[in-house]
Number of protein chains: 2
Amino acid sequence: MTTPLLIDGLQYCRWDRQTLNDLRIGGVTAVHVTVSYWESARESLTRLAEWDRRFETFPDLIMRVQQPQDILAAQRAGKVGVFFGFQNCSPIEEEIGLVEVFRRLGVLVMQLTYNNQSVLASGCYESRDGGVSRFGREVIQEMNRVGMIVDMSHSGERSTLETIELSARPIVISHANPSSWHHALRNKSDQLLRELAKRGGLLGLSLYPHHLAGAGDCTLESFCDMVATTVDLMGIDHVAFGSDLCVNHPVEVVEWMRSGRWTKGVDLGEGSKSTPGWPDPPAWFKTSRDFPTLLEGLTRRGFGAAEIRKIAGENWLRILRDNAVSRLSQEFAAPASSAA
Amino acid sequence: MTTPLLIDGLQYCRWDRQTLNDLRIGGVTAVHVTVSYWESARESLTRLAEWDRRFETFPDLIMRVQQPQDILAAQRAGKVGVFFGFQNCSPIEEEIGLVEVFRRLGVLVMQLTYNNQSVLASGCYESRDGGVSRFGREVIQEMNRVGMIVDMSHSGERSTLETIELSARPIVISHANPSSWHHALRNKSDQLLRELAKRGGLLGLSLYPHHLAGAGDCTLESFCDMVATTVDLMGIDHVAFGSDLCVNHPVEVVEWMRSGRWTKGVDLGEGSKSTPGWPDPPAWFKTSRDFPTLLEGLTRRGFGAAEIRKIAGENWLRILRDNAVSRLSQEFAAPASSAA
């Protein structure tokens, strides 16, 4: 018997046996993990090599996901599938060819911007958003070709609307919530979410405290009400999870995420002077082990089993399939039987 | 009907439609191409991206070889299989994890040194050879694990003998000749070649003029006599081709190969002040189109069809299989039928 499909559309934890095992205990079939925030191409190789090492160290717990079908293989094996993403375009530097290189290394998702303006588009913290750049158009097309999902979680509204339009494949906002529920620079307008859904895209609902109404005090009931409203807005095929779970990290890591090397000062991001560090999570979602609680909340809120299956995993699997169908992915797939 | 297997164990040409098509005209099933000489990790990504572009541009001519069985797929498709190699360890810098990263990008072969001492071992142009370093032992073990072939073509004698001993999988000298036939720093002693064969390794016989008795004036008959002597020395299962064909390049490229960025002067390598550039090839082996001439020469010299099949392709395929059997290669091989 296999467990039901559960795909978490974004996590960035300090990965050790415990945080990886928590995924399995929580019933997570596959997780999209962040490899780079501000890292260069070269530095991203080191981040990827660290993941190679984890696969070597914890073969009983995790499996590499290069293709959507690898998630189903992980499910059958009772392991957690792991797929890679960049939260920014810094790893491709200004070289179009690196999109394919990193896709070959298993990077299935890339954000075009992280809060700030990038060489591709603009970020959600910029006061002006000039939309998608010349290079940005080239990169979107190349990501479509090789089957790397465009993620606009940290991008500006205009850049995101343009990208939804420009991309030949459905894009994602892997981790954010509707700003109509909780106003935050990182949350998204109803108009944008409608456009995203209209083009087949997906919103991964976030459990990160700064994205929640009431932050760490947000109740499970309020969150599940928001899921229902978002499903009404976007349709059941376009809503999923992207927990943005960040556990086990020292404070330096949230500082790196926000300030990278782009400022000599300190960017507090969604925090404030009084709360500069990691925000406190809601009591009902502190680790990956809390996914069953979340799913129970949806059941209590009145979602049916088929609806929950879509939100929990099937929608992410579809998006991965919509994006991964490319010459490149065919090329990756060699007959297992003839493995030399 | 498929053509017989013909694998050239090293080329470094200026690749355009013509040089790629020459491979097909010459009946080459697969070719080991050099990606980097002195390039860093980052620069090697650009070199690899250039190859991605070639596969995209010339899908009618070439196919990527990630696994030994891909060579047979190329043969069935009537295309030329291409596999990657580094002629030096500069791309892994001093990071053990980059061995797997580059193996995932399709680098199936790496030389531990290129003429000079490296962080792994010593080169054939050094006056003293201290053998394999601490890091060198780690890298050999890691290459064995991920299925990347150790190549000692440009290494010193002591380093090579130690590596033959240390490597758990058969190693190669992808492009060189016996120094008993033609004395050159790059050619190899009979003792070394015997040890190589004893451990299952392979010598790819070189057509590079500096490795030939008589250089560009070497006759096909003399070369084929040398093949026979080498087979007597090493056994029919351990001799193959590694033409070291370098065509179409401007003189700057041979200067880069020899001097890289390690000297402010000019290293003439196997050349001399009077012949500093590309050496003139023998009339009977100027391009990949000349392989049939070479095979005819072997037939005239008395080699049987089964022997020629081994020298031409089967021995290289076996070495690739001996090295590629690893957890990693299993992981690359996903069922084609379920490609999403």
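Keep in mind that this is a model prediction, so the values were computed, not measured.

Conventions adopted
Residues numbered from 1 in each chain as written. Chains lettered and ligands numbered in written order. Predicted model: local features only at pLDDT ≥ 70, side-chain atom pairs only at ≥ 80, totals over all residues. Heavy atoms only, no water. Helix = DSSP H or I, 4+ residues; strand = E, 2+ residues; numbered from the N terminus. Rg over C-alpha atoms; globule rule 2.2 N^0.38 Å. Buried < 20%, exposed > 50% of the residue type's maximum accessible area, 1.4 Å probe, protein only. Contact = heavy atoms within 4.5 Å. Areas by Shrake-Rupley, 256 points an atom, 1.4 Å probe, with all protein chains shown as cover. Lys, Arg positive; Asp, Glu negative; His and termini not counted. Charge placed at Lys NZ, Arg CZ, Asp CG, Glu CD. Phe/Tyr/Trp six-rings, centres within 6.5 Å; stacked < 30°, edge-to-face > 60°. Disulfide = S-S within 2.5 Å. Core = buried A, V, L, I, M, F, W, Y, C linked by side-chain atoms within 4.5 Å. pLDDT = per-residue confidence, 0-100. Polar contact = N/O pair within 3.5 Å; in protein donor to acceptor, adjacent residues only side chain to side chain. Salt bridge = Lys/Arg side-chain N within 4 Å of Asp/Glu carboxyl O. Pairing = 2+ DSSP bridges. Right-handed = clockwise from strand over helix to strand, strands pointing away. Axes fitted to C-alpha atoms, helices over the stretch in contact; angles between N-to-C directions. Left-handed = near helix turned anticlockwise from the far one by under 90°. Nonpolar A, V, L, I, M, F, W, Y, C, P; charged D, E, K, R; others polar. Arc of directions from axis to C-beta.

Points about the overall build of chain A
A count of helical and extended segments in chain A gives 12 helices and 9 strands. Here the C-alpha radius of gyration of chain A, 18 Å, is about what a compact globule of 340 residues would show, namely 20 Å. Considering only C-alpha atoms, chain A reaches an extent of 55 × 50 × 40 Å along its principal axes. In chain A, which comprises 340 residues, the share counted as buried stands at 61%. Across chain A, the fraction of contacts at a sequence separation of at least 24, relative to all contacts at a separation of at least 6, is 73%. Put simply, chain A shows about 12600 Å² of open surface, and 51% of that area lies on carbon and sulfur atoms. Side-chain charges of chain A comprise 36 positive and 41 negative groups, with the mean position of each set lying 3 Å from the other.

Examining the environment of A:Tyr208
Looking at the element boundaries, A:Tyr208 is found in the loop between strand S8 (202–205) and helix H8 (220–234). Non-local contacts of A:Tyr208, meaning those with residues more than four positions away in its chain, are made with A:Ser243, A:Asp244, A:Cys246, A:Val254, A:Arg258, A:Glu270, A:Trp278 and A:Pro279.

Thoughts on the packing of aromatic side chains
The description of two aromatic rings rests on the distance between their centres and on the angle between their planes. All names here are of chain B. Overall, the coordinates contain 26 aromatic pairs over all chains when judged by the stated rule. Note on Phe241 and Phe291: the rings are 6.0 Å apart at their centroids and 50 degrees apart in plane angle, and the pair reads as tilted. One end of the pair, Phe241, is in strand S9 (residues 239–241); the other, Phe291, is in helix H10 (residues 291–300), with 50 residues separating them in the sequence. Given the relative accessible area of 0%, Phe291 is considered buried. Look at Phe285 and Phe291: their rings are 5.1 Å apart centre to centre, the planes differ by 85 degrees, and that puts the pair in the edge-to-face class. When its relative accessible area of 1% is taken as the criterion, Phe285 is described as buried.

Regarding the state of the cysteines
Residue and element names in this part refer to chain A. This structure, assessed with the given rule, holds 0 disulfides over all chains. This cysteine, Cys13, is not joined by any disulfide, and Cys246 carries the nearest cysteine sulfur, 6.5 Å off. Residue Cys246 is classed as buried on the basis of its relative accessible area, which comes to 14%.

As for the nonpolar core
Ranked by internal contacts, the top residues of the largest apolar core, which has 155 residues, are A:Trp51, A:Phe102, A:Phe223, B:Trp51, B:Phe102 and B:Phe223. Setting aside chain neighbours within four positions, we find A:Phe223 in contact with A:Trp181, A:Leu205, A:Ser206, A:Leu207, A:Leu212, A:Cys218, A:Trp284 and A:Leu294.

Topic: the confidence of the model for chain A
Residue and element names in this part refer to chain A. Summing up the model confidence of chain A, the mean pLDDT is 93 and the portion of residues at 70 or higher is 94%. Considering only residues more than four positions removed or in separate chains, one finds that residues 332–340, a stretch of pLDDT under 50, has 29 contacts. The ipTM value of the predicted complex is 0.90, and its pTM value is 0.92.

Considerations on the side chain of B:His175
Residues and elements named next belong to chain B. Within the secondary structure, His175 is located in strand S7 (residues 172–176). Judged by relative accessible area, which is 0%, His175 ranks as buried. Here Gln87 takes part through its side chain, which lies 3.5 Å from a polar atom of the side chain of His175. At a separation of 3.1 Å, a polar atom in the side chain of His175 contacts the side chain of Ser153.

A closer look at the side chain of B:Asn177
Residue and element names in this part refer to chain B. Positionally, Asn177 belongs in the loop between S7 and helix H7 (190–198). A polar side-chain atom of Asn177 sits 2.9 Å from the main-chain carbonyl oxygen of His211. Asn177 has contacts with Asn187, Lys188, Leu205, Ser206, His211, Leu212 and Met226, leaving out every residue within four places of it along the chain.

So, the pattern of salt bridges
All names here are of chain A. By the definition in use, this model includes 44 salt bridges over all chains. Residue Arg261 pairs with Glu43 through a salt bridge whose shortest N-O separation is 2.8 Å. Of this pair, Arg261 sits in the loop between helix H9 (251–259) and helix H10 (291–300) while Glu43 is found in helix H2 (residues 41–57), placing the two residues 218 residues apart along the sequence. Its relative accessible area of 54% is what places Arg261 among the exposed residues.

Focus on the environment of B:Ser118
Residues and elements named next belong to chain B. Along the chain, Ser118 turns up in the loop between strand S5 (107–111) and helix H5 (134–146). Given the relative accessible area of 17%, Ser118 is considered buried. Between the C-alpha atoms of Ser118 and Ile164, which are 46 residues apart in sequence, the distance is 17 Å.

Some points on the pairing of strand S4 (residues 80–86) of chain B
All names here are of chain B. Summarising burial for S4: 7 of the 7 residues are buried, a large majority. Of the two faces of S4, both are covered, the one formed by Val80, Val82, Phe84 and Phe86 as well as the one formed by Gly81, Phe83 and Gly85. The pairing of strand S3 (residues 62–64) with S4 spans 3 bridges and is parallel. By the bridge assignment for S4, Met63 is matched with Gly81. Handedness of the crossover joining S3 and S4 through helix H3 (residues 68–77): right-handed. Judged from the 3 bridges that link them, S4 and S5 form a sheet pairing that is parallel. Counted as the bridge partner of Phe86 is Met110 from S5.

Regarding unusual backbone geometry
Residue and element names in this part refer to chain B. Here Asn115, not a glycine, exhibits a phi torsion of approximately 65 degrees, which is positive. The topology assignment puts Asn115 in the loop between S5 and H5. According to the relative accessible area criterion, Asn115 is buried, its value standing at 5%. Located in the positive-phi region is Ala215, a residue other than glycine, with phi close to 50 degrees. Position of Ala215 among the secondary structure elements: in the loop between strand S8 (202–205) and helix H8 (220–234).

Section: the packing of H10(A) against helix H11 (residues 305–324) of chain A
Residue and element names in this part refer to chain A. Two elements in contact, H10 and H11, have axes separated by 10 Å at closest approach and are oriented at 150 degrees. The chirality of how H10 crosses H11 is right-handed. Across the interface between the two elements, Leu295, Leu298 and Thr299 of H10 pack against Ile308, Ile311 and Ala312 of H11. Considered class by class, the residues forming the contact of H10 with H11 number 5 nonpolar, 1 polar and no charged.

Points about the pairing of S7(B)
Residues and elements named next belong to chain B. By the criterion of burial, S7 is predominantly enclosed, with 5 of the 5 residues buried. The pairing of S7 with S8 spans 3 bridges and is parallel. When the bridges of S8 are listed, Ile173 appears paired with Leu203. Crossover handedness for the path S7 to H7 to S8: right-handed.

Some points on helix H6 (residues 157–166) of chain A
Residue and element names in this part refer to chain A. Of all the positions in H6, only Ser159, Thr160, Thr163 and Ile164 are classed as buried. Axial view of H6: buried residues confined to an arc of 135 degrees, hence all on one face. Buried-residue contacts for H6 involve helix H5 (134–146), strand S6 (149–151), strand S7 (172–176) and helix H7 (190–198).

Here's the deal with H10(B)
Residues and elements named next belong to chain B. Among all positions in H10, only Phe291, Leu294, Gly297 and Leu298 are buried. Buried residues of H10, seen end-on, are gathered within an arc of 115 degrees and therefore sit on one face of the element. Buried residues along H10 sit in contact with strand S1 (7–11), H8, S9 and helix H11 (305–324). Count one or two residues on from H10 and you reach Gly302, which has phi positive near 105 degrees.

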